[in-house]
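Close look at the chain arrangement
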Amino acid sequence: MNGNADVLKLPNAPKSWSRDSRPGPWDAIVIGSGIGGMIAAALLSKLGHRVLVLEQHYVPGGFTHTFSRRGYTWDVGVHAVGEMTERAIPGRMLGALTDGRLKWASLGPVYDSFTMPDGLRIDYPDNPRQFRENLIEAFPAETEAIDGYLRLAKEASGDMRAFYVSRTLPPSLGAMFDRLFARKARRHQNATVADVVSSLTADPRLRTMFAAQWGYYGSTPSRASFSIQASVVSHFLHGGYYPVGGSDRIAHELLRTVADAGGWTRIRADVREIILEHGRAVGVRLADGEEIRAPVVVSAIGAIPTVTKLLPETARRADWTGDIARLRSGPAHVCLYLGFKGDIRAAGAGSRNLWFYDTWDCEQDTWRVTPSAPLGSAPVLYVSFPSLKDPTHEPGAERRHTGEAVTFVPWETFTAWRDKKWMRRGEDYESFKRRLQDSMLEQLFRRLPGLRPMLDYAELSTPVSTDHFVRSAGASIYGLESTPDRFSCKWLRSRTPIPGLMLAGVDVGGPGVMGGAMGGILAAVSAEPFAALRWLHDKVL
C-alpha cells in the first residue's frame, strides 16, 4: 500500500491560520488549538458563529500537529484513534464537522501488540470476539475472569454517557443530575483499575494484561479510575485508525470549517489574561496588550493553567479554582523520533503499535532517570511507525520511513531547564539527552535488531519541549491524571462558575484524541445547548 504506485493523493488544503486575523466582531474566542479547542470552535462554527482561535505556538493543532527534519515528518501525539467509521458516533462527528474531508485509515486487523518480559505476546485485534479469544488462549484457566472484565468494561464505559451530560450543567444542576442519572458511573469512577482486576483474578500476569494499555491515559492501576480503563477498552474494541495524510490533517480540516464560517485562527497569539467585567468573561488580553472581545470565551489550554494563570488575581482566589488547582497532573514523557532508510517491515515494523514491557509490574509509572545516575531500561517502550500507517506516505527510492519510541519520565528531573531558551538549553541538557537517546535506541534495537543498520536520523524530545510548546500543567501529555479524585471534582466541568467562560479539552472530556474531542463537544454544548444538541441530533446521533 505504501509503494509509490499505490500512494493515495490528497488535495493541498489552504491554510486557515496566520499571525494576523480577519476583523471582528467575534461570537466566541477559543484559547488553544489542541483537539478540544478545534472541536469546540468547529461545532460553534457549524452553528453559525464567527470564532477566533488563539494559539501561542507557531503552528496550530496541539498534540495533533507534525514537524519535519531532513525530509522526515513525524506526528507528536496521534498514534491510534478508535471508532473512526461511519458506524460509530465519533467517526460521524468528525466527518460532519469537516464535511467529510477528514479521512481515516485502519491500522489493520491488529492495532496494538504487547510483548512481555517472559516472551508472551498478545495481539489486540479489531474485533471484540478475537480479543476475547486472544486473552483466553494466553490464560486458558481464566475464562470467567476474562468474561467478567469485558462485561464490566462495557458496563462502565456505557455509564459514562450520563456523566458527560452532567458535565455540561452548572455545578448545582450537575449535582442533582448526577444523583438521578449518573450514580452508576460514579460507582465505576470511584473504583481503581487495581480494585477491579484484583476482584476478578488472582493471577498477577492477567491483572497486568487487563491494565496493560494504561499508557493511553498515563495512570497506573492503583491510581487510575476504572471508568477510564473501560473507556479505552470500548474505544478500541473495533480497532485503531490513523488520519490519511498525517495527523496534521486534523487541524487543516477542523480549522478550515472555522474559516469557512467567517472565523479564523491566529498563531503566535499568546493569551495572558481572560478579561472579566461584572463577574462575566468578555474577552482576552494578549501578551502585547491587545484586547479582543467576545461574549463567549472557551479555554482549551487545560483546567489548571486556566485557573492559575489566565484568570485575574481576584478570581483565582475562589474556592472552585483551588479545588481544580489541587488535582494531580498526568505524567510527562520523552519521545524518540527516528528516520529510517530501508525495508523496515522486514525488520518487524508495521502499522500496529508495539508495546515492549521490561516488567510485569504496571506500578512502575516512569523511567526513573536523572542526569548523574546510570540509566536502566525503561519499564515500557511504546513504538509506532507513522509512515506505515499513512497510505499517502511516499517512501521514495531510498524507502524513507519514520518511527517513534515513547516512555514516561518524571517531570521534576527536567525542570532545571524549563526557563532556558529553546534549542539553547546548554551542554548539560544536550549531554543528558544524548544519554537518554542512546539508552532508548539500545532498548529498541534489542527488540527489533533489524532496524539498527537502517537508522538514518534520531532526535529526542523531552518534557521541556512539551512545557515550552504546549504549556500543560506538569508538562503532561494527557492533562489531569485520570484518578477517582478527578472525576469527583464537582467544578471540573465545561461550564465554569464564571458566566461566559467554558473549559474544553482533555480535562473535561478525557485523555487522548477522542477524550479531548469530547471536551470540545461539551464546551460547545455548554455555550449553545439547544442549537448544539439539535445539530448533533441531526448530523451525528
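The notes below deal with the structure included here. Just so it is clear, the model here is predicted, and its values are computed rather than measured. What you see as residue numbers is a count from 1 along each chain, following the sequence as written. Local features in a predicted model are, by the rule used here, given only for residues with pLDDT of at least 70; side-chain atom pairs are given and counted only at 80 or more, and totals for whole chains, interfaces and linings are based on all residues. Values shown for side chains rest on all heavy atoms present in the structure; no hydrogens or waters enter the calculation.

With that settled, the discussion passes to the side chain of Ser387. The way it works is that DSSP assigns letters per residue, a run of H or I at least four long becomes a helix, a run of E at least two long becomes a strand, and they are numbered from the N terminus. Take Ser387: it is sitting in helix 14 (residues 386–389). Exposed residues in this analysis have more than 50% of their type's maximum accessible area, buried residues have under 20%, and partly exposed residues fall in between, with area computed by a 1.4 Å probe over protein chains only. The buried category is assigned to Ser387, whose relative accessible area is 3%. In protein, a polar contact requires one atom able to donate a hydrogen and another able to accept it; more generally it is a pair of N or O atoms within 3.5 Å, and residues adjacent in sequence count only if both atoms are side-chain atoms. A polar atom in the side chain of Ser387 sits 2.8 Å from the side chain of His401.

Our focus in this paragraph is empty space enclosed by the protein. In this analysis the probe radius is 1.4 Å and the grid spacing 1 Å, with only protein atoms considered; a cavity is a set of points the probe fits into but cannot get out of, a pocket is an open set with protein on both sides within 12 Å along at least five of seven lines, and lining residues have an atom within 4 Å of a point. Grid points are joined across faces, edges and corners, and a volume is the space filled by probe spheres set on the points. Tallied over the entire structure, the rule returns three cavities of 30 Å³ or more. Looking at the largest cavity, the residues that line it are Tyr111, Tyr124, Pro125, Phe131, Gln213, Val232, Val233, Phe236 and Leu237. Polarity classes work like this: nonpolar for Ala, Val, Leu, Ile, Met, Phe, Trp, Tyr, Cys and Pro, charged for Asp, Glu, Lys and Arg, and polar for all others, with Gly in that last group. For the lining of the largest cavity, the class distribution of residues is eight nonpolar, one polar and no charged.

A cis geometry characterises the amide bond from Gly24 onward to Pro25, with omega recorded as 5°. Here Pro25 lies in the loop between strand 1 (17–18) and strand 2 (28–31). For Arg399, which is not glycine, the phi dihedral falls at a positive 55°. The residue Arg399 is located in the loop between helix 14 and strand 18 (400–409) in this model. The phi torsion at Ala475 lies on the positive side, around 55°, for a residue other than glycine. Mapped onto the elements, Ala475 comes out in the loop between helix 16 (463–469) and helix 17 (484–488). Residue Ala475 is classed as buried on the basis of its relative accessible area, which comes to 0%.

In this section: the packing of helix 1 (residues 35–46) against helix 2 (residues 89–97). In the contact formed by helix 1 and helix 2, the axes pass within 10 Å of each other and the chain directions differ by 60°. Between helix 1 and helix 2, the interaxial angle falls into the category oblique. Of the two elements, helix 1 crosses helix 2, and the hand of that crossing is left-handed. Residues Ile39, Ala42, Leu43 and Lys46 of helix 1 form the contact with helix 2, whose participating residues are Met93, Leu94, Ala96 and Leu97. Residue composition of the contact of helix 1 with helix 2, by class: seven nonpolar, no polar and one charged. In this description, a line fitted to the C-alpha atoms serves as the axis of each element, helices being fitted only across the stretch in contact, and the angle between N-to-C directions of two axes falls anywhere from 0 to 180 degrees. By the definition adopted for this analysis, an angle is roughly parallel if under 35 degrees, roughly antiparallel if over 145, roughly perpendicular if from 65 to 115, and oblique otherwise. Helix crossings are classified by the rotation of the near helix relative to the far one: an anticlockwise turn of less than a right angle makes the crossing left-handed, while a clockwise turn makes it right-handed. For this analysis, residues touch if any pair of their heavy atoms sits within 4.5 Å.

Attention shifts here to the sheet that holds strand 7 (residues 110–115). Strand pairing is assigned whenever DSSP detects at least two bridges linking the two strands. Read across the open sheet, the seven strands follow the order 8-7-16-17-18-15-19; overall the sheet is mixed. Each edge of the open sheet carries a strand with a single partner, namely strand 8 (121–125) and strand 19 (455–461). Averaged over all adjacent pairs, the angle separating strand axes in this sheet is 20°, with direction ignored. Sheet analysis places strand 15 (residues 332–341) next to strand 19, joined by six bridges and oriented antiparallel. Directly across from Leu338, in strand 19, lies its bridge partner Ala458. Along the sheet face, helix 15 (residues 427–447) touches strand 7, strand 15, strand 16 (353–357), strand 17 (380–384), strand 18 and strand 19 and points at about 125° away from the line of strand 19.

The alternating pattern of strand 2 places Ala28 and Val30 and Ile29 and Ile31 on opposite faces, both of which are buried. By the bridge criterion, four bridges tie strand 2 to strand 3 (residues 51–54) in an arrangement that is parallel. For Ala28, the partnering residue across the bridge sits in strand 3 and is Val51. Considered for its hand, the β-α-β crossover made up of strand 2, helix 1 and strand 3 is right-handed. Looking at chain direction, strand 2 and strand 14 (residues 296–299) are connected through four bridges and run parallel. For Ala28, the partnering residue across the bridge sits in strand 14 and is Val296. With its strands directed away from the observer, a crossover is right-handed exactly when the path from the first strand over the helix to the second travels clockwise.

The next subject is the packing of aromatic side chains. Note on ring pairs: Phe, Tyr and Trp rings are taken, using the six-membered ring of Trp, and paired if centres are within 6.5 Å. Classes follow the plane angle, with under 30 degrees stacked, over 60 edge-to-face and the rest tilted. The tally for this structure, following the rule as stated, stands at 27 aromatic pairs. Taking the centre distance of 5.1 Å and the plane angle of 80° together, the rings of Trp422 and Phe469 count as edge-to-face. Of the two residues, Trp422 sits in the loop between strand 18 and helix 15 while Phe469 sits in helix 16, which places them 47 residues apart along the sequence. Grouped by ring-pair contacts, the aromatic residues Tyr111, Phe114, Tyr124, Phe131, Tyr216, Phe236, Trp355, Tyr357 and Tyr382 constitute a single cluster.

This brings us to the pattern of salt bridges. Each reported salt bridge corresponds to a side-chain nitrogen of Lys or Arg within 4 Å of a carboxyl oxygen of Asp or Glu. Considering all chains together, one arrives at 32 salt bridges under this definition. Notably, a salt bridge pairs Lys184 with Asp159, separated by 3.9 Å at the nearest N-O pair. You can see Lys184 sitting in helix 6 (residues 183–190) and its partner Asp159 sitting in helix 4 (residues 143–166), a full 25 residues away along the chain. Asp159 gets classed as buried once you look at its relative accessible area, which sits at 13%.

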